[in-house]
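Next come the chains, spelled out residue by residue.
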Amino acid sequence: LQIDIIQNMATLSQYEEAYDEAILLYKEALPAYASLYGKNHPYYATALQNLANAYSKNGDPLKGIELIEEALEIDRSNGLDVSISYTNKLHNLAILLQETDNLDRSKAILTTVLTNRSNLLGQNHPDYIYTLYNMAVLTQKIGDYDASKEYFLQVIDKYDLQIESFFPYLSEREKSKY
């Protein structure tokens, strides 16, 4: 219970953009996760991911990359390398790599994320579409404008499909936002 409270306080600190405080709280929770579950447990990997996010939002993407890579190794060692959790960590790593201008590695990872999300969630899932969008932005950064355009067109098509599918079920207030 105490770990959950610390994690929730850290998450709240992140929402409030108090990243230094969030980092301290996430770091405080890590030894408790290690003690309860061991350093090779998926919960410990998730705690590392949370700390990585706080570091990246605090302007230290290199520390975030280091922690995410450690979390990914834990997931791989537990046979979770095709799970949603693992794929989400990969996606976060790809975004941090873009921030550090490691664009080729980011593209390779985003390609894996697209494959995993397609297989696990389907190509109309919002996370898949979000990854397509990130690939469009990345290929634009790289200078591959034809590929970028194709990704953006896929995003638009899939977004339109989502609106058509869900629009009838929205409240009038929600519809007014479109």
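Up top you'll find the structure we're talking about.
Bear in mind the structure is a predicted one, so any value in this text is a computation, not a measurement.

### Remarks on the nonpolar core
Turning to step 1, where the next piece is worked out: If you look at the biggest cluster of nonpolar residues, it comprises 45 residues, and the most contacted ones within it are Tyr44, Leu48, Leu51, Leu93, Ile109 and Tyr151.
Turning to step 2, where the next piece is worked out: Mapped onto this core, the elements with two or more residues apiece are helix H1 (2-15), helix H2 (19-37), helix H3 (42-57), helix H4 (61-77), helix H5 (84-99), helix H6 (103-121), helix H7 (126-142) and helix H8 (145-166).
Turning to step 3, where the next piece is worked out: With residues up to four places along the chain from it excluded, the contact list for leucine 51 reads Ile23, Tyr26, Lys27, Leu30 and Leu67.

### Quick notes on the packing of aromatic side chains
Turning to step 1, where the next piece is worked out: This structure, assessed with the given rule, holds 3 aromatic pairs.
Turning to step 2, where the next piece is worked out: Geometrically, the ring pair formed by tyrosine 133 and phenylalanine 152 is edge-to-face, given 5.9 Å between the ring centres and 70° between the ring planes. Of this pair, tyrosine 133 sits in helix H7 while phenylalanine 152 is found in helix H8, placing the two residues 19 residues apart along the sequence.
Turning to step 3, where the next piece is worked out: In this structure phenylalanine 152 comes out as partly exposed when scored by relative accessible area, which is 27%.
Turning to step 4, where the next piece is worked out: In textbook terms, an aromatic cluster arises when at least three aromatic residues are bridged by ring pairs, as seen for Tyr33, Tyr37 and Tyr43.

### Digging into H7
Turning to step 1, where the next piece is worked out: Here H7 spans 24 Å end to end across 17 residues, near enough to the 24 Å set by a 1.5 Å rise per residue.
Turning to step 2, where the next piece is worked out: Elements in contact with the buried residues of H7: H5, H6 and H8.
Turning to step 3, where the next piece is worked out: One or two residues past the end of H7 sits glycine 143, with phi positive at roughly 100°.

Definitions and limits used
Residues numbered from 1 in each chain as written. Predicted model: local features only at pLDDT ≥ 70, side-chain atom pairs only at ≥ 80, totals over all residues. Heavy atoms only, no water. Core = buried A, V, L, I, M, F, W, Y, C linked by side-chain atoms within 4.5 Å. Buried < 20%, exposed > 50% of the residue type's maximum accessible area, 1.4 Å probe, protein only. Helix = DSSP H or I, 4+ residues; strand = E, 2+ residues; numbered from the N terminus. Contact = heavy atoms within 4.5 Å. Phe/Tyr/Trp six-rings, centres within 6.5 Å; stacked < 30°, edge-to-face > 60°. Expected span 1.5 Å × (residues − 1).

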